[in-house]
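Architecture at a glance
These are the residues of each chain, in order.
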Amino acid sequence: MSTPDIQNTLVLIKPDGLKKSLTGNILTKLAETRLIIVGAKVVSVSRELAEQHYIHLKDKPFFPELLNYIQGKMYGEEYKRVLAMVYRGDGAIQKVRDIAGSTNPEEADSTSIRGAYGRITTKGVFENVIHASSSTADSEREIKLWFKPAEIVGNIYPAKKAMAEAHEHFVWA
Ligand code: IDP
Ligand code: MG
């Protein structure tokens, strides 16, 4: 047996996945990988986060619509969010990509998540239900963009202590 290649990968259930009530189906499919979840949270996606996440596509004609899509702008207030998760384990990146399927939902294998549940909108956006990191460099960049060290169980990347800057923040009333 070859030595395991332990990887981390960012998974987002995109707003269309939440709107279509697919969370359970997607988590069940991903469970086939036997990977572990080391982080999970619901995120209201800011413009800045959307732009940073999709920075590699900033020159594409569909970029403005892609930002609206990942922010869930077309689905109503309840769906302006994504479920962000970090999966970890041997070959995690490819395992999740395989289950997610090809970027274009019409070309994706019909048993993959994108093939089964994705669509292309009339505005030409690939509404493909799920995001999955595509390389170790991407996954590290994306996980550090979406999660703070304290939100991840275990030390998946080196972290350092920093003094909190004085700033207003919410605590439970
Ligand atoms: P990936 O999500 O499979 O890694 P990327 O090329 O990183 O694919 O694109 C990010 C997202 O942008 C896709 O998941 C899809 O929602 C959207 N997208 C990518 N290419 C196109 C396109 O050619 N037309 C419309 N939307 C696209
Ligand atoms: Mg990508």
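Here the structure is a predicted model, which means the values were calculated and not measured. (Residues numbered from 1 in each chain as written. Chains lettered and ligands numbered in written order. Predicted model: local features only at pLDDT ≥ 70, side-chain atom pairs only at ≥ 80, totals over all residues. Heavy atoms only, no water.)

Comments concerning the environment of Glu 151
Inspection of the secondary structure puts Glu 151 in the segment after helix H7 (136-146). Sequence-wise, Glu 151 and Lys 41 are 110 residues apart; in three dimensions their C-alpha atoms are separated by 8.6 Å. With residues near it in sequence (within four places) discarded, Glu 151 still touches Val 38, Gly 39, Lys 41 and Trp 146. A polar side-chain atom of Glu 151 sits 2.9 Å from a polar atom in the side chain of Lys 41. (Helix = DSSP H or I, 4+ residues; strand = E, 2+ residues; numbered from the N terminus. Contact = heavy atoms within 4.5 Å. Polar contact = N/O pair within 3.5 Å; in protein donor to acceptor, adjacent residues only side chain to side chain.)

Points about the packing of aromatic side chains
By the definition in use, this model includes zero aromatic pairs. If you follow Lys 41 out to its NZ or CZ, it ends over the ring of Phe 147, 4.8 Å from the centre. Across the ring face of Tyr 157, the terminal group of Lys 144 is positioned such that the distance to the ring centre comes to 5.1 Å. (Phe/Tyr/Trp six-rings, centres within 6.5 Å; stacked < 30°, edge-to-face > 60°. Lys NZ or Arg CZ within 6 Å of the ring centre and 35° of its normal.)

Topic: H7
One turn of an α-helix holds 3.6 residues; hence residues three or four places apart share an orientation. Along H7, the positions that sit buried rather than exposed are Ser 139, Glu 142, Ile 143 and Trp 146. The buried residues of H7 occupy one face: seen down the axis, they fall within an arc of 100°. Where H7 is buried, its residues touch strand S1 (6-13), strand S2 (36-43), helix H3 (47-53), strand S3 (82-90), helix H5 (92-100) and strand S6 (130-132). (Buried < 20%, exposed > 50% of the residue type's maximum accessible area, 1.4 Å probe, protein only. Arc of directions from axis to C-beta.)

A word on the pairing of S3
When you tally the buried positions in S3, you get seven out of nine residues, the bulk of the element. With eight bridges joining them, S1 and S3 adopt antiparallel strand pairing. Its bridge partner lying in S3, Gln 7 is registered against Gly 89. Relative to S3, S2 is paired through seven bridges, and the arrangement is antiparallel. Across the sheet, Lys 41 pairs through a bridge with Ala 84, a residue of S3. (Pairing = 2+ DSSP bridges.)

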